[in-house]
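Observations on chain architecture
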Amino acid sequence: MYPSRFKYESPKTIVEAIKLLDAGKGDAKVLAGGQSLVPMLKLRFAFPDQIVDINNIPGLDYIRFDADGSLHIGALVRHEHLEKSVEISMRQPTIAAAAPLVADPIVRARGTFVGSVCHADPQGDWAATMIALHGSIVVQGPKGKRTIAMKDFVLGPYANSLNYNEIAIEAVIPAPKGVARGGYLKLERRVGDFATASVAVALDMSGDTVLNAGFALAGVGGKTIDANEAASALIGQKLTEATIAKAAQLVAALAEPRTDHRGSAEYKRHIVETFVKRILVANSAQKVA
Amino acid sequence: MSSLYEEINTPPASDIPVRRVTINVNGEARTANVEPRLLLAHLLRQGFKLTGTHTGCDTTNCGACTVLFDGRPIKSCTMFAVQADGHDVQTVEGLASASELHPLQEGFKQEHALQCGFCTPGMMMAAKALLEENLNPTEDEIRWALSGNLCRCTGYQNIVKAVLWAAEKMRAELN
Ligand SMILES: Cc1cc2nc3c(=O)[nH]c(=O)nc-3n(C[C@H](O)[C@H](O)[C@H](O)COP(=O)(O)OP(=O)(O)OC[C@H]3O[C@@H](n4cnc5c(N)ncnc54)[C@H](O)[C@@H]3O)c2cc1C
Ligand code: FES
Ligand code: FES
């Protein structure tokens, strides 16, 4: 298989890349890790006139915690960079838990965090993670930069709110109010598969009290499921059997699973509830500072 | 040498220039004129006649086409040849020297780690990437590192043993 013909440019700056997208008037596509786009081009699900390869733009591969505690992930940070980052493993448990579960090691060596969020696959792990973490995407276009909250970024399956002449340049995760806790669990049929169901949980804790919480789901709906409203069961509370059960129930009720070759709708909803419980129990057992 | 999808039998579109790329393949600078849509796997196989890199699924799933790109494993069916311009690519052909097999190749032989052999080049390149980072991997780490490479014959047991064998030999060679 091979794609239909396209023109190819690999600009050295973001401004140059934006110019190319602008000139493409919607028929140009950004190429990041290519781990979703290239298969789509080969299957001819996508046939842009122009490919704008951003891999040669320097300075986009940073993972940075700012002094205020916010986390910034540049557009060329590959999945494996997050998987191997010591800082991430110490300071951002939801991302640390999800990173090794995205695709397989070879795809992780190339695919990018931001590219995955842009791709907005309903089964994608990073869009769910970003929603649970109340993240946002910084995008740049001909008129400058703007920041789009995750809840407004994913519009539907494979649809994001970028204009055709905008590039996502970084993902931002706000500083936790207390200590960042949380986790990510994913049920897959085999290692490297997309999710049958996955659950992202983000917790900001002070002692054993929950200051803020976030939940999102992948694989159990026509798009990434934003289950953040279930946080109401936990905010201001301690993680007890009762609050955990309530939160898990609320999250599971927000899933929109469909029966398919990966399992029945009931089964997937049950998995969601179980996974939320497991993550919350694991975090309640931790001796928090 | 020109590498286009000539089997399509249409002349290259005049508004899409063919690009000249130079890629360091197994330590040797190789040059080709490529259509932007030409996949790296196809340039290696059809253009450079390095047919050790296999294409199995052609959909980024099986890992048979794995090569090292600047030292990291990639699926060469999922990268365009133009993207490799100026970069370093290692294929299975680069493993052995004129007189000696690479410890991974020896290990695959010793431990009977292949049957049809289709997955083998990709397995060995993914294993090489692992051993470059970790010369003392556990069985679990090997299985994890090879989880993007599918084998329909062996059941993986002997592949894991072969990588353990190679790691041991490479450690011994260091001492
Ligand atoms: C075998 C296999 C298994 C996989 N399994 C999983 C899995 O389990 N979980 C999971 O989450 N994902 C999985 N993926 C997808 C993988 O994570 C991709 O890397 C990811 O979806 C896309 O990231 P990319 O950098 O490769 O983007 P690309 O493929 O380069 O781009 C994807 C889309 O996003 C756009 N885009 C990319 N970057 C930007 C940017 N900076 N600004 C604007 N637009 C941009 C592109 O134009 C394109 O439309 C799998 C992929 C494969 C091949
Ligand atoms: S041929 Fe490239 S992954 Fe299967
Ligand atoms: S030996 Fe046949 S596919 Fe692995």
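Further up the page is the structure itself.
Before going into details, it helps to say that this report is about the structure given with it. (Residues numbered from 1 in each chain as written. Chains lettered and ligands numbered in written order. Predicted model: local features only at pLDDT ≥ 70, side-chain atom pairs only at ≥ 80, totals over all residues. Heavy atoms only, no water.)

Right, let's talk about the packing of aromatic side chains for a bit. Summed over all chains, the structure comprises two aromatic pairs over all chains. Ring centres 5.0 Å apart and planes at 65° place the aromatic pair Phe6(A) and Phe80(B) in the edge-to-face group. Of this pair, Phe6(A) sits in the segment before strand S1 (7-9) while Phe80(B) sits in the loop between strand S5 (72-75) and strand S6 (88-90), placing the two residues on different chains. For Phe6(A), a relative accessible area of 1% gives the class buried. Residue Phe80(B) is classed as buried on the basis of its relative accessible area, which comes to 0%. Aromatic pair Phe113(A) and Trp126(A): ring centres 4.7 Å apart, planes at 45°, arrangement tilted. Residue Phe113(A) is found in helix H7 (residues 113-119), and its partner Trp126(A) is found in helix H8 (residues 125-132); the two are separated by 13 residues along the sequence. The buried category is assigned to Phe113(A), whose relative accessible area is 0%. When the ring centre of Phe65(A) is taken as origin, the NZ or CZ atom of Arg91(A), which lies over that ring, is 4.1 Å away. (Phe/Tyr/Trp six-rings, centres within 6.5 Å; stacked < 30°, edge-to-face > 60°. Helix = DSSP H or I, 4+ residues; strand = E, 2+ residues; numbered from the N terminus. Buried < 20%, exposed > 50% of the residue type's maximum accessible area, 1.4 Å probe, protein only. Lys NZ or Arg CZ within 6 Å of the ring centre and 35° of its normal.)

The local shell around ligand 1 holds 33 residues, among which Val30(A), Leu37(A), Thr112(A), Asp125(A) and Lys186(A) are the closest. More than one chain lines the surroundings of ligand 1; the residues nearby belong to chains A and B. Lys186(A) has a polar side-chain atom sitting 2.7 Å from an oxygen atom of ligand 1. Between ligand 1 and Asp193(A), the relevant distance is 3.2 Å, taken from an oxygen atom to a main-chain nitrogen or oxygen of the residue. Coverage of ligand 1 by the protein amounts to 95% of the 970 Å² it exposes when considered alone. Of all the secondary-structure elements, those providing two or more residues to the shell around ligand 1 are strand S2 (28-31), H7 and strand S10 (167-173) of chain A. The dominant element in the shell around ligand 1, judged by the number of residues it contributes, is H7(A), at five residues. Across the shell around ligand 1, the residue classes break down as 15 nonpolar, 14 polar and four charged. (Near = heavy atom within 4 Å. Polar contact = N/O pair within 3.5 Å; in protein donor to acceptor, adjacent residues only side chain to side chain. Areas by Shrake-Rupley, 256 points an atom, 1.4 Å probe, with all protein chains shown as cover. Nonpolar A, V, L, I, M, F, W, Y, C, P; charged D, E, K, R; others polar.)

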